[in-house]
Amino acid sequence: MISVLMPTYNRANLAFMQGQGAWLFTEDKRRFLDFGAGIATSSIGHNHPHLTNTIAEQAKLVLHVSNLYRIPQAEKLAQRLVEISFADSVFFCNSGAEANEGIIKGIRRAQFQNGYPERTEIICFENAFHGRTLATLTATGNPKYLEGFEPRLPGIKHIPVGDLEALHKAVDKHTAGFLIEPIQGESGINVVPEVFLRELRKICDEKNLYLGFDEIQCGMGRTGKMFAYQWTDIEPDIMSLAKGIAGGVPMGAFLAKESIAKYLTPGTHGSTFGGNPLACAAGNAVLDILLSPNFLDQVVQTGDYLRNELQTLIAQYPTVFEEVKGMGLMLGLKGKLPPAEIQNAALHQDLLTVAAGNNVLRIIPPLIITEEECHEGANRLAKAAKQLQNIMEQN
């Protein structure tokens, strides 16, 4: 008999009943340190009093009204996002995949309205991950994810990250713009070289193309800046956000300059749930925390501490681990074993992590995690590594 929940996930046999800060608790009181944050989504941890109180207060008032009417909570959140970013306007939706669909639509619509209807092609990049809808599966380009879901959406091509020759060859009369993650998450925490992002920006400026950034995983304070692009002097024209934007309440957004946003007029795009009062109240609560004095500086400091702890781990267990990748609290621990094996070993030490591609274990804890908790997590990873090393020696 098939399970009542469709068998789309390989779930661990764990159910968490409560959370507090960087910790999750099962019904039988097992206490897990959360180095995964719901895949970088529980950005300010579990049961944060400001977030939970805000959600409770909003729930007493109104949950949903639809976008047939003004939503003050959405207006406030959009204004704040515009003030701290490159953007002039914001569209709220429900997920990262929807936000990336919005990028594709926005870029194509703007080119059409500018008198270039032939410019429909979006150039994406190898080892990307942009979502699970038909369009974003095509943008992701991973054959494993596409199996059984062909044909691919026309008008999307892929080139290697960092290959300037391939980049210039790929741009032609059909090119509308680019979609790229400044830090690739699912494929192994790969930081895109700044020189490559700068070349993308240069091509867009010279040829009137649009640069789209997918900051679904690396945005909202994850790297120690509000947005990962802010570590450079390169700005996108349009950018997707989700995951940590509302601390665990389902929400996505794309932010755009007026040059794109002005063409998304009534009837061109929409969302029933997107930007509803509850989700935007949560988003504003998260932003209150992220914008509080020294919070992002603390993310950088804690990230540096955790990176050093992981470097020590590599020195202690070089047969298991080999490299630390990433920025801030978006780190990847590259191993010499499949990441699922390391993830399972960590799970036996009551530590939650997230597997990624290229033998990388993602270390993406809540942004409120302390140095003491980072040290504890590194100790648990060390115990997992010792267990794995012993198995390897026995074999």
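Each value, and the rule that gives it
- Residues numbered from 1 in each chain as written.
- Predicted model: local features only at pLDDT ≥ 70, side-chain atom pairs only at ≥ 80, totals over all residues.
- Heavy atoms only, no water.
- 1 Å grid on protein atoms, 1.4 Å probe; cavity = no way out; pocket = protein on both sides within 12 Å on 5 of 7 lines; lining within 4 Å.
- Points joined across faces, edges and corners; volume = space filled by probe spheres on them.
- Helix = DSSP H or I, 4+ residues; strand = E, 2+ residues; numbered from the N terminus.
- Nonpolar A, V, L, I, M, F, W, Y, C, P; charged D, E, K, R; others polar.
- Buried < 20%, exposed > 50% of the residue type's maximum accessible area, 1.4 Å probe, protein only.
- Pairing = 2+ DSSP bridges.
- Axes fitted to C-alpha atoms, helices over the stretch in contact; angles between N-to-C directions.
- Contact = heavy atoms within 4.5 Å.

Asks: Just give me the short version of the layout of surface pockets, but keep the residues and values in it.
Replies: Reported here for the second largest pocket is a volume of approximately 530 Å³. Looking at the lining of the second largest pocket, the elements with two or more residues in it are helix H3 (72–83), strand S4 (89–93) and strand S12 (252–256). Element by element, the count of residues in the lining of the second largest pocket is highest for S4, at 4 residues. Residues of the lining of the second largest pocket, tallied by class, amount to 12 nonpolar, 10 polar and 2 charged.

Asks: An account of unusual backbone geometry is needed here, citing residue identities and associated values.
Replies: In the segment running from Glu150 into Pro151, the intervening peptide bond is cis, with an omega of 0°. Relative to the elements of secondary structure, Pro151 occurs in the loop between helix H6 (143–146) and strand S6 (156–159). For Ile39, which is not glycine, the phi dihedral falls at a positive 60°. Relative to the helices and strands, Ile39 is located in helix H1 (residues 37–40). A positive phi angle, close to 60°, is found at Asp350, a residue other than glycine. Along the chain, the position of Asp350 falls in the loop between helix H12 (339–347) and strand S15 (351–352). Its relative accessible area of 18% is what places Asp350 among the buried residues.

Asks: Give me the sheet that holds strand S5 (residues 121–125): which residues, what numbers.
Replies: Reading across the sheet, the 7 strands line up as S4-S12-S11-S10-S7-S5-S6 and stay open at both edges, with mixed pairing between neighbours. Looking at strand neighbours, the two that pair on one side only are S4 and S6, the edges of this open sheet. Neighbour-to-neighbour, the strand axes of the sheet open up by a mean angle of 20°, direction not taken into account. As paired strands, strand S10 (residues 210–214) and strand S11 (residues 238–241) are joined by 3 bridges and run parallel to one another. Across the sheet, Asp214 pairs through a bridge with Ser240, a residue of S11. Here H3 sits on the sheet and contacts S4 and S12; the angle it forms with S4, its principal contact strand, is near 130°.

Asks: Outline the sheet that holds strand S14 (residues 330–335), supporting the account with residue identities and numerical values.
Replies: In space, the 4 strands of this open sheet follow the order S13-S14-S17-S16, with antiparallel pairing throughout. In the strand order of this sheet, the two ends are held by strand S13 (321–327) and strand S16 (354–355), each with one partner. Pairing of S16 with strand S17 (residues 360–363) involves 2 bridges; the strand directions are antiparallel. Each bridged residue has a counterpart across the sheet, and for Val354 the counterpart in S17 is Arg362. In the packing of helix H11 (residues 295–316) onto the sheet, the strands contacted are S13, S14 and S17, and the crossing angle to S13 comes to about 170°.

Asks: Give a detailed account of empty space enclosed by the protein, specifying residues and quantitative values.
Replies: Using the criterion set out here, one finds 1 cavity of 30 Å³ or more in the structure. In this model, the largest cavity occupies a volume close to 40 Å³. What lines the largest cavity is simply Ala40, Ser43, Ile216, Gln217, Gly219, Met220, Arg222, Lys243, Gly244 and Leu367. Classifying every residue of the lining of the largest cavity by side-chain character gives 4 nonpolar, 4 polar and 2 charged.

Asks: So what's going on with the environment of Asn344? Residues and values would help.
Replies: Note that Asn344 resides in helix H12. Relative accessible area serves as the criterion here: at 41%, Asn344 is assigned to the partly exposed category. Between the C-alpha atom of Asn344 and that of Ala384, which follows or precedes it by 40 residues, the distance is 8.6 Å.

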